[in-house]
Amino acid sequence: MIDITNIHKTYITGTNKLHVLKGIDLKVDAGEMISVMGASGSGKSTLLNILGILDNHDHGEYLLSGIKIEHLNESKAAQLRNKYLGFVFQSFNLVSFKNAMENVALPLYYQNVKRKKRNAIAMEYLDRMGLKEWSHHLPNELSGGQKQRIAIARALIAKPKVILADEPTGALDSVTSQEVMDILTDINKNENITMLIVTHELDIAKRTQKTIRITDGMITEIVKN
Amino acid sequence: MFDLDRWQEIYHVLKKNKLRTFLTAFGVFWGIFMLVIMMGSGDGLKNGVSQNFGDMATNSVFIWAQQTSVPFKGFTRGRRFDYENADVRALGDAIPEIKFLAPRTNVGGFNGSNNVIRGLKSGAFQIFGDYPVLDSIDPVNLLQGRFINELDVKEKRKIVVIGLRVKELLFEKNENPINQYIQVNGVYFKVVGLFKSKRTGEAASNDNQRIHMPFTTCQKTFNMGDAIGFFNITSKDGIPVAVVEEKAIKVLKKRHSVAPTDDAAIGHFNLEVEYNKMQGLFFGIRVLVWIVGIGTLFAGVIGVSNIMLVVVKERTKEIGIQRALGAAPRIIISQIITESVVLTTFSGYFGLTLGVGLLEFINYLLEKTGAGSDMFLHPGINFNVAITALAILVVAGVVAGLIPARKAVSVKPIDALRYE
Ligand SMILES: Nc1ncnc2c1ncn2[C@@H]1O[C@H](COP(=O)(O)OP(=O)(O)OP(=O)(O)O)[C@@H](O)[C@H]1O
Ligand SMILES: [Mg+2]
């Protein structure tokens, strides 16, 4: 599903050059659930952003579901993100003026699905997350766990092949974190969606099939859980 | 297609900072408002001044006789002379460019002593001997009866057509003047028509104090021989009346033994030249109004563009989220441009409406109080201008949104997402 070889990334800020990814090789099969761990600043988010086509790499090759990701224009990139990728962020990133249902339906809006239809589908997903009653609430009226479940529903609605989650439980307490992980493992099992989860918590990482450790921009360890 | 999500977003953005939205909108509102008011006033000025011409053929020249200033053919300078009936024929024969030729005789009285009497009432009015053709050069509004006709001229009938003010001064309020008699310089004339000037203001009140009678009647009754007071001549369509003017003066000089070099002997006034000067002035005013108006509007549009830039900056993260979820650049761009167009068009529409409303109100006041003058009348803008202004607003909105929209999609999605 994901196949990267020798990925490099350097950030340039003014005269400073920061070589963050120093040749990453990684293969992720369809349906795998993988966690990524590493010290702060080791380049986990950078890797995930490149995989999410939110940022571009300097060197190396990236194949997403067989498609070579290189020199894409922004329209094409948007289309690929919409079709293949779902994102879950630490800070939820819900759109503040849209209610829960509208937030979940957003990816379908960009596919030009009619409002009625996409809202109906969004309601199904909210129901699965146990949030049906909250469908008409704005994000600022919801708890962190609720927000993250809405974000997950949003990541799922367009039936992506891969879900990229950057510290999805980072802003949640341990009980809620486990609930969120329950949902994610469920989805991974039942829908065979590939998952990459960046986390700092060992007990979260333990719930995935494999854990990749990144140290200073390189993969130093791959552990089966 | 109506897209609720899009309008929801626009509403959210505009509502978020109401004061800022209002101030921005006000810039555009003011621009278009000023444009409308200035255009309307310009037109009001034009209408007012144009009304001084009434429906008069503007390709007119007036020619009258003065004193010679150069001795010629045995005559000394300072000689007075009159045009005569034979000149009419001679002018017509010599100048094919003439369309209408109306000779006129006049018996003074206006501003002088009372010269018209009816019973116990009397007044001082201007009295003209005219041909029916006058009605084609300088028409009036006939309120009652008829104008002078050919038969009147041929039979030298003792009839008059009187102006409204004449009727008011000589007749009772509800009296019908038609077929009544009035005494002009001691001679009785039958009133056959009553008219009102097509002009406004002072020009109109002058017109309304006139009495017209057949040309021939006037000459005969008041012992003028075949002397003519002046000629009013128009040129054929497409020919400048100056051509006719020049030729007519030449013919008249020759016929009355006036030296070709004598510029003082023959008085003339070319209405067309004056009219064109005025048209040029109005054109200038119009151009100026557009320049100033568009300038003001432009300032408003810059304001919109500026605010859109701020909005885009504020919403960087939100736009980043949308792009991460698969919003193509064109969706983001069209969203921002729509916002900008909505802002300019709405505020511009209010400016337009309020401007037109104010002009209508002024118009209403002018009409109600009768204050419409020979300087200002019927201010207003025409429909095409309004449509043009709206079109300009929409285009301006697009232009104002373009730079901010491009800016919104020029950053990498990740940078947008990370923006704090
Ligand atoms: N846009 C950027 N410009 C410059 N430097 C950046 C940028 N993004 C990240 N960095 C730097 O790259 C390095 C890796 O950042 P990254 O976000 O990938 O770390 P991380 O492993 O996700 O850390 P954390 O666990 O704290 O989230 C850091 O030193 C960071 O300062
Ligand atoms: Mg990180």
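Residues numbered from 1 in each chain as written. Chains lettered and ligands numbered in written order. Predicted model: local features only at pLDDT ≥ 70, side-chain atom pairs only at ≥ 80, totals over all residues. Heavy atoms only, no water.

Details of the overall build of chain A
Step number 1: Scanning chain A from terminus to terminus reveals seven helices and ten strands.
Step number 2: The C-alpha radius of gyration computed for chain A amounts to 17 Å, which stays within 12% of the reference 17 Å derived for 225 residues, consistent with globular compactness.
Step number 3: For chain A, the C-alpha atoms occupy an extent of roughly 45 × 40 × 35 Å along the three principal directions.
Step number 4: Of all intrachain contacts in chain A linking residues separated by at least 6 positions in sequence, the fraction that spans at least 24 positions is 70%.
Step number 5: Accessible surface, chain A: about 10000 Å² in total, of which carbon and sulfur atoms supply 50%.
Step number 6: With 28 positive and 25 negative side-chain charges, chain A shows a separation of 6 Å between the mean positions of the two kinds. (Helix = DSSP H or I, 4+ residues; strand = E, 2+ residues; numbered from the N terminus. Rg over C-alpha atoms; globule rule 2.2 N^0.38 Å. Contact = heavy atoms within 4.5 Å. Areas by Shrake-Rupley, 256 points an atom, 1.4 Å probe, with all protein chains shown as cover. Lys, Arg positive; Asp, Glu negative; His and termini not counted. Charge placed at Lys NZ, Arg CZ, Asp CG, Glu CD.)

Some thoughts on a nonpolar patch on the surface
Step number 1: The grouping of Leu19, Phe22, Leu23, Phe26 and Trp30 of chain B at the surface amounts to a nonpolar patch, some 540 Å² of accessible area in total.
Step number 2: Among the structural elements, Phe22 of chain B can be located in helix H2 (residues 18-51). (Patch = residues over 30% accessible without salt bridge, like charges linked within 9 Å, V, L, I, M, F, W, Y side chains within 5 Å. Salt bridge = Lys/Arg side-chain N within 4 Å of Asp/Glu carboxyl O.)

A look at the sheet that holds strand S7 (residues 162-166) of chain A
Whenever strands of a sheet pair, they do so through backbone hydrogen bonds, lying parallel or antiparallel.
Residues and elements named next belong to chain A.
Step number 1: The strand order S6-S7-S8-S3-S9-S10 describes an open sheet built from six strands, whose pairing is mixed. Bordering the open sheet on either side are strand S6 (85-89) and strand S10 (218-224), each of which pairs with just one other strand. Across the sheet, the axes of successive neighbouring strands diverge by a mean angle of 20°, strand direction being ignored.
Step number 2: Here S7 runs beside strand S8 (residues 194-198); their pairing, made up of five bridges, is parallel. Along S8, the bridge assignment pairs Ile163 with Met195.
Step number 3: In this fold helix H5 (residues 144-157) packs onto S6 and S7, with an angle of close to 170° to the strand it touches most, S6. (Pairing = 2+ DSSP bridges. Axes fitted to C-alpha atoms, helices over the stretch in contact; angles between N-to-C directions.)

Brief notes about the pattern of salt bridges
Step number 1: Scanning the model with the defined rule gives 36 salt bridges over all chains in all.
Step number 2: The shortest N-O distance in the salt bridge between Lys9 of chain A and Asp55 of chain A comes to 3.3 Å. Of the two residues, Lys9 of chain A is situated in strand S1 (residues 2-13) and Asp55 of chain A in the loop between helix H1 (44-51) and strand S4 (59-64); the sequence distance between them amounts to 46 residues. Taken as a pair, Lys9 of chain A and Asp55 of chain A share a single burial class, namely buried.
Step number 3: The salt bridge involving Glu339 of chain B is made with Arg315 of chain B; its shortest N-O contact spans 3.5 Å. You can see Glu339 of chain B sitting in helix H12 (residues 329-369) and its partner Arg315 of chain B sitting in the loop between helix H10 (271-314) and helix H11 (316-324), a full 24 residues away along the chain. The exposure classification of Glu339 of chain B matches that of Arg315 of chain B, with both residues buried. (Buried < 20%, exposed > 50% of the residue type's maximum accessible area, 1.4 Å probe, protein only.)

Focus on the packing of H12 of chain B against helix H13 (residues 383-410) of chain B
All names here are of chain B.
Step number 1: At their nearest, the axes of H12 and H13 sit 7 Å apart, and the two run at 145° to each other. For the element pair H12 and H13, the recorded crossing hand is right-handed.
Step number 2: Partitioning the contact of H12 with H13 into residue classes produces 20 nonpolar, six polar and one charged. (Left-handed = near helix turned anticlockwise from the far one by under 90°. Nonpolar A, V, L, I, M, F, W, Y, C, P; charged D, E, K, R; others polar.)

Here we look at the sheet that holds strand S5 (residues 67-68) of chain A
All names here are of chain A.
Step number 1: If you walk across this open sheet you meet the four strands as S2-S1-S4-S5, and the pairing is antiparallel. On the outer flanks of this sheet lie strand S2 (16-28) and S5, each paired with one strand and no other.
Step number 2: Where H1 meets the sheet, it contacts S1, S2 and S4, and its direction lies at approximately 120° from that of S1.

A closer look at the interface of chain B and chain A
Step number 1: Across the boundary between the two partners, chain B contributes 25 residues, which contact 28 residues of chain A.
Step number 2: Across the pair Glu74 of chain A and Arg323 of chain B runs a salt bridge whose closest N-O atoms are separated by 3.5 Å.
Step number 3: Where chain B touches chain A, the interface holds nine residue pairs in polar contact (both at pLDDT 80 or more).
Step number 4: Counting only elements with at least two residues in the side of chain B that touches chain A, the list comes to helix H1 (4-16), H11, H12 and helix H14 (413-418) of chain B.
Step number 5: Grouping the constituent residues of the side of chain B that touches chain A by class yields eleven nonpolar, four polar and ten charged. (Polar contact = N/O pair within 3.5 Å; in protein donor to acceptor, adjacent residues only side chain to side chain.)

So, the site of ligand 1
Step number 1: Not every one of the 15 residues close to ligand 1 is listed here, only the nearest: Ser40, Lys44, Ser45 and Thr46 of chain A together with Arg418 of chain B.
Step number 2: Proximal residues around ligand 1 fall on chains A and B, making this an inter-chain site.
Step number 3: One of the backbone N or O atoms of Ser42 of chain A is found 3.3 Å from an oxygen atom in ligand 1.
Step number 4: Arg418 of chain B is positioned with one of its side-chain polar atoms (N or O) 2.7 Å from a nitrogen atom of ligand 1.
Step number 5: For ligand 1, whose free accessible area comes to 630 Å², the fraction covered by protein is 69%.
Step number 6: Contributing elements (two or more residues each) for the shell around ligand 1: S1, S2 and H1 of chain A.
Step number 7: Ranked by residues supplied to the shell around ligand 1, first place goes to H1 of chain A with three residues.
Step number 8: A breakdown of the residues in the shell around ligand 1 according to their chemical character gives four nonpolar, eight polar and three charged. (Near = heavy atom within 4 Å.)

Thoughts on the pairing of S8 of chain A
All names here are of chain A.
Step number 1: For S8, the tally of buried residues reaches five of five residues, placing the bulk of the element in the interior.
Step number 2: Residues of S8 alternate between two faces, with Thr194, Leu196 and Val198 on one and Met195 and Ile197 on the opposite face, all of them buried.
Step number 3: Direction of pairing for strand S3 (residues 33-38) relative to S8: parallel, over a ladder of four bridges. Of the residues in S8, the one forming a bridge with Ser35 is Ile197.
Step number 4: This β-α-β element, S7 to helix H6 (residues 174-191) to S8, shows right-handed connectivity. (Right-handed = clockwise from strand over helix to strand, strands pointing away.)

Looking at the nonpolar core
Residue and element names in this part refer to chain A.
Step number 1: Core analysis: the biggest nonpolar cluster contains 77 residues, and Ile2, Ile4 and Leu64 have the highest contact counts within it.
Step number 2: Among residues more than four places away in sequence, those in contact with Leu64 are Met1, Ile2, Ile53, Ile69, Tyr84, Leu85 and Val162.
Step number 3: Judged by nonpolar contacts, the second largest core, of 35 residues, contains Val104, Leu172, Met181 and Ile187. (Core = buried A, V, L, I, M, F, W, Y, C linked by side-chain atoms within 4.5 Å.)

Points about the environment of Asp237 of chain B
Residue and element names in this part refer to chain B.
Step number 1: By the element assignment, Asp237 lies in the loop between strand S13 (230-235) and helix H9 (241-255).
Step number 2: Taking the relative accessible area as the measure of exposure, Asp237 reaches 62% and is therefore exposed.
Step number 3: Expressed as a C-alpha distance, the spacing of Asp237 and Ile98, which sit 139 residues apart in the sequence, is 9.5 Å.
Step number 4: One polar contact links Asp237 to Lys99, side chain to side chain, over a distance of 3.4 Å.

Quick word on the side chain of Asp138 of chain B
Residue and element names in this part refer to chain B.
Step number 1: Relative to the helices and strands, Asp138 resides in the loop between helix H4 (134-137) and strand S7 (141-145).
Step number 2: In this structure Asp138 comes out as buried when scored by relative accessible area, which is 14%.
Step number 3: Apart from the residues lying within four places of it in its own chain, the contact partners of Asp138 are Met56 and Arg199.

Some points on the packing of helix H3 (residues 100-109) of chain A against helix H4 (residues 115-128) of chain A
All names here are of chain A.
Step number 1: It is at 8 Å that the axes of H3 and H4 come closest, and there the two elements cross at 120°. Judged by the angle between their axes, H3 and H4 are oblique. In the crossing of H3 with H4, the sense of the turn from one axis to the other is right-handed. Two secondary-structure elements touch here, H3 through Ala100, Met101, Glu102, Val104, Ala105, Leu108 and Tyr109 and H4 through Arg115, Arg118, Asn119, Ile121, Ala122, Met123, Tyr125 and Leu126.
Step number 2: Residues of the contact of H3 with H4, tallied by class, amount to eleven nonpolar, one polar and three charged. (Parallel < 35°, antiparallel > 145°, perpendicular 65-115°, else oblique.)

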